[in-house]
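Residue-level structural notes
Next come the chains, spelled out residue by residue.
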Amino acid sequence: MIGNKGTDKMMVNVLDRRDHAVDEIASALEAYESSHADAECSVYRYNPAAIRIRIVDQSFRGLSKGDRHDYAWGFLRSLSEDTTSQISVLLCLEPGEKSMMETEFDNPSRSLI
C-alpha cells in the first residue's frame, strides 16, 4: 500500500509567487504529505497558464510512471476545473531518481509567455 499515515509533516514547498490556483494545489498536496511521511511536494506557477507539480516519494519505488500519476491524481481530483486545466507538469519521482524536468524545479527556464 502506498502511503504512511500518522505524521505531522505538512510542508508543501510553494516556489515563487502564490495565487488561488497554486494555493488550491498546495492544499491538495498537504493531504498527500499528511498520508505519506517521507514525501516532499513542490508546486510553482511557471507562467500565467501553467503550474508545475513535483512529488518525491519513496512509495513510488517500483511503480510505473502511469501508476504513479494515477495515484497522485487521486489527491488532485478535488481541484476545480480551472485549476486542473493549469497543471502542465506532474512529476512523480522516487528519491534519487533523475529527470530532465527536475532541473526545471531547481532552476526554472524563462517562460516565453
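Further up the page is the structure itself.
Below: a short report on this structure. (Residues numbered from 1 in each chain as written. Predicted model: local features only at pLDDT ≥ 70, side-chain atom pairs only at ≥ 80, totals over all residues. Heavy atoms only, no water.)

**What to know about helix 2 (residues 65–76)**
What counts is decided by this rule: Elements are defined by DSSP. Helices are runs of H or I of four residues or more, strands are runs of E of two residues or more, and each kind is numbered from the N terminus. Any helix carries an expected span of 1.5 Å times its number of residues minus one. Working definition: with a 1.4 Å probe on protein chains only, accessible area under 20% of the residue-type maximum means buried, over 50% means exposed, and in between means partly exposed. The arc refers to the directions leading from the helix axis to the C-beta atoms. Whether two residues are in contact is decided by their heavy atoms, any of which lying within 4.5 Å being enough.
Between its first and last C-alpha, helix 2 extends 16 Å over twelve residues, near the 16 Å set by a 1.5 Å rise per residue. By the burial criterion, the buried members of helix 2 are R68, A72 and L76. Within helix 2, the buried residues cover an arc of 80° as seen down the axis, which keeps them to one side. Those residues of helix 2 that are buried lie in contact with helix 1 (20–34), strand 3 (50–56), helix 3 (81–85) and strand 4 (87–93).

**Some points on the nonpolar core**
We count it as follows: For this analysis, a nonpolar core means a set of buried residues of the types Ala, Val, Leu, Ile, Met, Phe, Trp, Tyr and Cys, connected via side-chain atoms within 4.5 Å.
I25, L29, V43, I53 and I55 are the most contacted members of the largest nonpolar core, which has 22 residues in total. Mapped onto this core, the elements with two or more residues apiece are helix 1, strand 2 (40–47), strand 3, helix 2 and strand 4. Considering each element in turn, this core owes the most residues, seven residues, to helix 1. Those residues in contact with V43 that sit more than four places away from it in its chain are V12, N13, V14, L15, V22, I25, A26, L29, I51, R52 and I53. Ranked by size, the runner-up nonpolar core spans eight residues in total, among them Y44, Y46, A50 and V89.

**Observations concerning the packing of helix 1 against helix 2**
Threshold: Orientation is described by lines fitted to C-alpha atoms, with helices fitted over the stretch in contact, and by angles between N-to-C directions that extend from 0 to 180 degrees. These descriptions rest on fixed angle ranges, namely under 35 degrees for roughly parallel, over 145 for roughly antiparallel, 65 to 115 for roughly perpendicular, and the rest for oblique. Each crossing gets its hand from how the near helix is turned against the far one by less than a right angle, where anticlockwise is left-handed and clockwise is right-handed. Residue polarity follows a fixed list, in which Ala, Val, Leu, Ile, Met, Phe, Trp, Tyr, Cys and Pro are nonpolar, Asp, Glu, Lys and Arg are charged, and the others, Gly among them, are polar.
Following both chains from N to C, one finds helix 1 and helix 2 inclined at 120°, their axes separated by 8 Å at the closest point. One finds that helix 1 runs oblique with respect to helix 2. In terms of crossing hand, the pair formed by helix 1 and helix 2 is right-handed. The segment helix 1 lies against helix 2, with A28, L29, A31 and Y32 engaging Y71, F75 and L76. Residues that form the contact of helix 1 with helix 2 fall into these classes: seven nonpolar, no polar and no charged.

**Description of the pattern of salt bridges**
Stated formally: Just to be clear on terms, a salt bridge is a Lys or Arg side-chain nitrogen sitting within 4 Å of an Asp or Glu carboxyl oxygen.
For the coordinates displayed, the defined rule picks out nine salt bridges. The closest approach of N and O atoms between E94 and R68, which form a salt bridge, is 3.0 Å. With E94 in the loop between strand 4 and helix 4 (100–106) and R68 in helix 2, the pair connects residues that are 26 residues apart, well separated along the chain. Here the two residues E94 and R68 agree in accessibility, since each one is buried. Here the salt bridges do not stand alone but share partners, grouping R61, K65, R68, E94 and E97 into one network.

**As for helix 1**
For clarity, the cut-off: Counted as a polar contact is a pair of N or O atoms within 3.5 Å, where, for protein atoms, one must be capable of donating a hydrogen and the other of accepting one, and residues adjacent in sequence contribute only when both atoms are in side chains.
Here helix 1 contains 15 residues, and its C-alpha end-to-end distance of 21 Å stays within 8% of the 21 Å for a straight helix at 1.5 Å per residue. Listed in full, the buried residues belonging to helix 1 are A21, V22, E24, I25, A26, A28, L29, Y32 and E33. Along its buried surface, helix 1 packs onto strand 1 (13–15), strand 2, strand 3, helix 2, helix 3 and strand 4. Put simply, D19 is the residue that caps the front of helix 1, since its side-chain oxygen is 3.1 Å from the backbone nitrogen of A21.

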